[in-house]
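Chain residues, written in single-letter form:
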Amino acid sequence: MLSCMSHPTLSGTFATSRDGLQATVALNNGVHMPWLGLGVFQVPRDADATAAVLAAIGLGYRSIDTAALYHNERGVGRAVRDCGVPREQLFITTKVWNDDIRADRVEAAFEESMKLLGLDYLDLYLLHWPIQGKSVTAWRVLEKLHRAGRIRAIGVSNYMMPHLDELLAAAEIVPAVNQIELHPYLQSKQLVAHCHRLGIRVEAWSPLQQAGALLQDPVLSAIAKRHGKTTAQVVLRWDVQGGIITIPKSVRPQRMAENAGIFDFELTALEMAAIDALDRDERVGSDPFNFNF
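Residues numbered from 1 in each chain as written. Predicted model: local features only at pLDDT ≥ 70, side-chain atom pairs only at ≥ 80, totals over all residues. Heavy atoms only, no water.

Novice: Any chance you could explain the nonpolar core here in plain terms?
Specialist: Generally speaking, nonpolar side chains in soluble globular proteins are found buried as a group. In this structure, Leu-27 and Leu-127 are the most contacted members of the largest nonpolar core, which totals 96 residues. The contacts of Leu-127, once residues within four sequence positions are left out, are Val-96, Ile-101, Ser-135, Ala-138, Trp-139, Leu-142, Gly-155, Val-156, Ser-157 and Tyr-159. (Core = buried A, V, L, I, M, F, W, Y, C linked by side-chain atoms within 4.5 Å. Buried < 20%, exposed > 50% of the residue type's maximum accessible area, 1.4 Å probe, protein only. Contact = heavy atoms within 4.5 Å.)

Novice: What should I look at first to understand the environment of Arg-226 in this one?
Specialist: Assignment of secondary structure puts Arg-226 in helix α9 (residues 218–227). Along the primary structure Arg-226 and Leu-69 are separated by 157 residues, whereas in three dimensions their C-alpha atoms are 40 Å apart. Within the structure, the side chain of Arg-226 is placed 3.2 Å from the side chain of Glu-271, a separation counted as a polar contact. (Helix = DSSP H or I, 4+ residues; strand = E, 2+ residues; numbered from the N terminus. Polar contact = N/O pair within 3.5 Å; in protein donor to acceptor, adjacent residues only side chain to side chain.)

Novice: What is the right way to look at the packing of helix α3 (residues 73–82) against helix α5 (residues 106–117) in this model?
Specialist: Any two packed helices are characterised by how steeply their axes cross, that is the angle between the axes, and by the distance between the axes. In contact at an axis separation of 7 Å, α3 and α5 are set at 50° when each is read in the N-to-C sense. Regarding the angle of α3 to α5, the classification is oblique. Two secondary-structure elements touch here, α3 through Glu-73, Arg-74, Val-76, Gly-77 and Arg-81 and α5 through Ser-113, Leu-116 and Leu-117. When the residues that make up the contact of α3 with α5 are grouped by side-chain class, the tally is three nonpolar, two polar and three charged. (Axes fitted to C-alpha atoms, helices over the stretch in contact; angles between N-to-C directions. Parallel < 35°, antiparallel > 145°, perpendicular 65-115°, else oblique. Nonpolar A, V, L, I, M, F, W, Y, C, P; charged D, E, K, R; others polar.)

Novice: Before we go on, may I ask you to explain unusual backbone geometry in this structure?
Specialist: Glycine aside, the phi torsion of most residues is negative, and most peptide linkages are trans. Here the phi dihedral of Ser-188 falls at roughly 45°; this positive angle occurs in a residue that is not glycine. Residue placement: Ser-188 occurs in the loop between β8 (177–181) and α8 (189–198). One non-glycine residue, Ala-211, adopts positive backbone phi at about 55°. Its place among the elements puts Ala-211 in the loop between β9 (201–205) and α9.

Structure (structure tokens):
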């Protein structure tokens, strides 16, 4: 069941941000996922989500990440249907929420998400958090939906090494993606290496530490100055150049365009190492071993 995959990274540059936004990495089942996408966490109004996603797709984004918890799937789906880009060129992710996992209603929750999105299929569906005693049961539902062709790839979010090992002891399909909080101050190197050994792609949420102290870090600021880039662009480039898929959140087209401006430069090996050395094990989100929602 388990097979170690190679660990591709995004190297080289692209002529335009639009070209870079359409660069993809192969998941463990052969499905291709864009390296950089748009997250819509904390965009609660459907109208705002529609506007943000339409703006992002207009800039060249092809990957959109939402969740049942975000309460904006309807708005995301409207943008996907109205944007004018063929559905097969877009990569749409959503997630099943913890209450539905606990209540053993994952399949019903999936159908509710699909109705809100107004889509015929989903590109990636994730278990949002590791719910003790329920992960395997929930995962079997995702496997069923995947085999039925309703979902192109299935994965998990916020799963640490023990959670993955427990799931994989019973799983028939290895998760394609593990979406975790990851940024230079929280690099989770052992977990990332473990995922790579298992053939699971790592995807970063909160890649900019929710615009926290990270963006004022002097090491990052110095690297940004050398390249004529922003600190945020340096961080996102570090992600993809290190093989991490990433989904920064924004509702502002100017910021979306800035986030996409990472494909015309490369970090040196010394710069990558300097950022690697910033790890503080500093989490801004909830602890996957200790959460109460």
